[in-house]
Amino acid sequence: MESFGKKLIILIGPPGSGKGTQAEMLAEKLGLFHLQTSKLGEAKINNPELVKNNLEIAEAKQLYDSGKLWPHTWTASLVIEKVEEMASLGKGIVLDGSPRVIHEAVLEMPIMKALYGSDNIKIFEIKLSDEESFKRNSHRRICKLNQHPIPNFPEFENITACPKDGSEIIVRTLDDPEVIKKRYQVYLSETEPIIDFLIKEGYNLVTINGEQPIEDVQRDILDKLW
Ligand code: ADP
């Protein structure tokens, strides 16, 4: 793991485009902190005590279970808190899962810019068709402890524990077929428009073809870094 300095990489793409997979690889290769928005939020909504006592978290859980996005102000506040923490440690970040709507981008980007500087922020849009998104997500398994994606390849078919951390392998509620279709539509209507917004704001954005083997997507991203 080499140290890559105080840089911020943002991955944007539909469900199954490989954001988690690519972020994990980039974090390992470049010594970046993998800021997984889903993990930050899931830590809250999977805590029954918090769900019971906090209306905002209870609402986030309900939205999540029906395939909808979390309240944007809530998500942004979780992300901003973590970005500030990492910036204060002088650490680079690879961010997967936010911003997902313009409102989040409006809240998060100025803070990221102030803490990291525009020149140190790089955004990758990973393109994937709805057919491929559906195919990948309907076979998707992740591990319980760290949400490591288990690739849908024959050599992984019969494993019952995560090869990385040994934890149990699960299928999430949001990977139910109806929910997957819904999530792709939500991506088109709510997330994709932020690409134009980010370009207009002058951020450095690169489009990557996500319909390639994992290693090729990774190579294309690494080729387009600083
Ligand atoms: P996202 O975070 O964008 O939803 P993930 O990285 O979690 O996507 O990947 C979703 C599923 O697709 C996982 O099972 C993963 O192993 C698989 N996957 C990711 N990238 C590729 C790829 N380039 N080719 C084939 N399968 C992939």
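The residue numbers shown here count from 1 along each chain, following its written sequence. Where totals are concerned, whole chains, interfaces and linings use all residues; where local detail is concerned, this predicted model gives features only for residues with pLDDT of at least 70, and gives and counts side-chain atom pairs only at 80 or more. No hydrogens and no water enter the side-chain calculation; it runs on all heavy atoms of the structure.

Asker: How should I be thinking about the overall build of the chain in this particular structure?
Answerer: Along its length, the chain carries 10 helices and 8 strands. Considering only C-alpha atoms, the chain reaches an extent of 45 × 45 × 35 Å along its principal axes. Burial status follows relative accessibility: with a 1.4 Å probe on protein chains alone, a residue under 20% of its type maximum counts as buried, one over 50% as exposed, and anything between as partly exposed. Looking at the 226 residues of the chain, the share that counts as buried comes to 44%. Any pair of residues with heavy atoms lying within 4.5 Å of one another is described as a contacting pair. For the chain, long-range pairs separated by at least 24 residues make up 74% of all intrachain contacts whose partners lie at least 6 apart in sequence. We count a stretch as a helix when DSSP gives it H or I for four or more residues in a row; a strand needs E for two or more, and each element gets its number in order from the N terminus.

Asker: Would you take a moment to explain the packing of helix α2 (residues 37-45) against helix α5 (residues 72-88) for this structure?
Answerer: In a packed pair of helices, the relevant descriptors are the angle between the two axes and the axis-to-axis distance. Relative to each other, α2 and α5 sit at 115°, their axes nearing to 10 Å. When the interaxial angle is binned, α2 and α5 end up roughly perpendicular. Note on packing geometry: the crossing formed by α2 with α5 is right-handed. Contacts between α2 and α5 involve Thr37, Leu40, Gly41, Lys44 and Ile45 from the first element and Trp74, Thr75, Leu78, Val79 and Lys82 from the second. The classification used treats Ala, Val, Leu, Ile, Met, Phe, Trp, Tyr, Cys and Pro as nonpolar, Asp, Glu, Lys and Arg as charged, and all other residues, Gly among them, as polar. Here the residues of the contact of α2 with α5 are counted per class, giving 5 nonpolar, 3 polar and 2 charged. Angles here are taken between N-to-C directions and fall from 0 to 180 degrees, while the axes themselves are lines fitted to C-alpha atoms, restricted in helices to the stretch in contact. These descriptions rest on fixed angle ranges, namely under 35 degrees for roughly parallel, over 145 for roughly antiparallel, 65 to 115 for roughly perpendicular, and the rest for oblique. By definition, turning the near helix anticlockwise from the far helix through less than a right angle yields a left-handed crossing, and turning it clockwise yields a right-handed one.

Asker: For this particular structure, what's the right way to read the nonpolar core?
Answerer: We call a set of buried residues a nonpolar core when its members are Ala, Val, Leu, Ile, Met, Phe, Trp, Tyr or Cys and they connect through side-chain atoms within 4.5 Å of each other. Residues Ile10, Met109, Met112, Ile121 and Ile123 are the most contacted members of the largest nonpolar core, which totals 22 residues. For this core, the secondary-structure elements that each account for two or more residues are β1 (8-12), α5, β3 (93-96), α6 (102-116), β4 (121-127) and α9 (193-200). If we skip the residues at most four places from it in the chain, Met109 touches Ile10, Pro99, Ile121, Ile123, Leu198 and Tyr203. Leu11, Ile208, Val217 and Leu225 belong to the second-largest nonpolar core, a separate cluster that totals 14 residues.

Asker: It is not clear to me how the packing of α2 against helix α4 (residues 55-65) should be interpreted in this structure. Could you clarify?
Answerer: Between α2 and α4, the least distance of the axes is 9 Å, while the angle of their chain directions is 115°. Regarding the angle of α2 to α4, the classification is roughly perpendicular. Here the hand of the crossing between α2 and α4 comes out left-handed. Two secondary-structure elements touch here, α2 through Glu42, Lys44 and Ile45 and α4 through Ile57, Ala60, Lys61 and Tyr64.

Asker: How do you make sense of the site of the ligand when you look at a structure like this?
Answerer: As a structural note, the neighbourhood of the ligand is formed by 17 residues, with Gly16, Lys19, Thr21, Arg140 and Gln212 the closest of them. Separating an oxygen atom of the ligand from a backbone N or O atom of Gly20 is a distance of 2.9 Å. A distance of 2.7 Å separates a nitrogen atom of the ligand from a polar backbone atom of Gln212. Reported accessibility uses the Shrake-Rupley method at a 1.4 Å probe radius. Residues are deemed covered only where the shown protein chains occlude them. Its free accessible area being 560 Å², the ligand has 91% of it covered by the protein chains. Of all elements in the fold, only α1 (19-30) and β6 (149-150) reach the threshold of two or more residues within the shell around the ligand. Throughout, near means a residue has at least one heavy atom within 4 Å of the molecule or strand. Nitrogen and oxygen atoms within 3.5 Å of one another constitute a polar contact, given that in protein one can donate a hydrogen and the other can accept it, and given that sequence-neighbouring residues count only through two side-chain atoms.

Asker: Quick question: what am I supposed to make of the layout of surface pockets here?
Answerer: A probe as big as a water molecule, rolled over the atoms, marks out the empty space that is left. Residues are said to line a cavity or pocket when one of their atoms sits within 4 Å of a point; the points come from a 1 Å grid over protein atoms alone, cavities being sets where a 1.4 Å probe fits but cannot get out and pockets being open sets with protein on both sides within 12 Å along at least five of seven lines. Grid points are joined across faces, edges and corners, and a volume is the space filled by probe spheres set on the points. Of the pockets and cavities examined, the second largest pocket occupies roughly 290 Å³. Lining the second largest pocket we find 14 residues, and of these Phe33, His34, Leu35, Gln36 and Lys39 sit closest to its centre. Within the residue set of the lining of the second largest pocket, elements represented by two or more residues are α1, β2 (33-36) and α2. When grouped by side-chain class, the residues that make up the lining of the second largest pocket number 6 nonpolar, 4 polar and 4 charged.

Asker: Help me understand the sheet that holds β2 in this model?
Answerer: Strands pair in a sheet through their backbones, by hydrogen bonds, and they do so in one of two ways: parallel or antiparallel. Here 5 strands make up an open sheet; going across it, the order is β2-β3-β1-β4-β8 and the pairing parallel. What marks the edges here is a single partner per strand, and that holds for β2 and β8 (204-209). Ignoring strand direction, the axes of neighbouring strands in this sheet form an average angle of 20°. Paired strands, in this sense, are two strands between which DSSP finds at least two bridges. With 4 bridges joining them, β1 and β3 adopt parallel strand pairing. Residue pairing in the sheet places Ile10 in a bridge with Leu95 of β3. Set on the sheet, α6 makes contact with β1, β3 and β4; between it and β4 the angle comes to about 135°.

Asker: Is there a simple way to think about the packing of aromatic side chains in this case?
Answerer: Any pair of aromatic rings gets described here by the distance separating the centres and the angle formed by the planes. Side-chain rings of Phe, Tyr and Trp (the six-membered ring for Trp) are treated as a pair once their centres are within 6.5 Å; stacked means planes under 30 degrees apart, edge-to-face means over 60, and tilted covers the remaining angles. This structure, assessed with the given rule, holds 2 aromatic pairs. A centroid spacing of 5.7 Å and a plane angle of 15° characterise the contact between Tyr64 and Trp70, whose relative ring orientation is stacked. Comparing Tyr64 with Trp70 shows no difference in burial state: the two are buried. By definition here, charges over rings are those cases where NZ of Lys or CZ of Arg is within 6 Å of the ring centre and within 35 degrees of the ring normal. A cation over an aromatic ring shows up here: Lys6 above the ring of Tyr116, its NZ or CZ 5.3 Å from the ring centre. Seen from the ring of Trp226, Lys7 lies directly overhead, with NZ or CZ sitting 4.7 Å from the centre.

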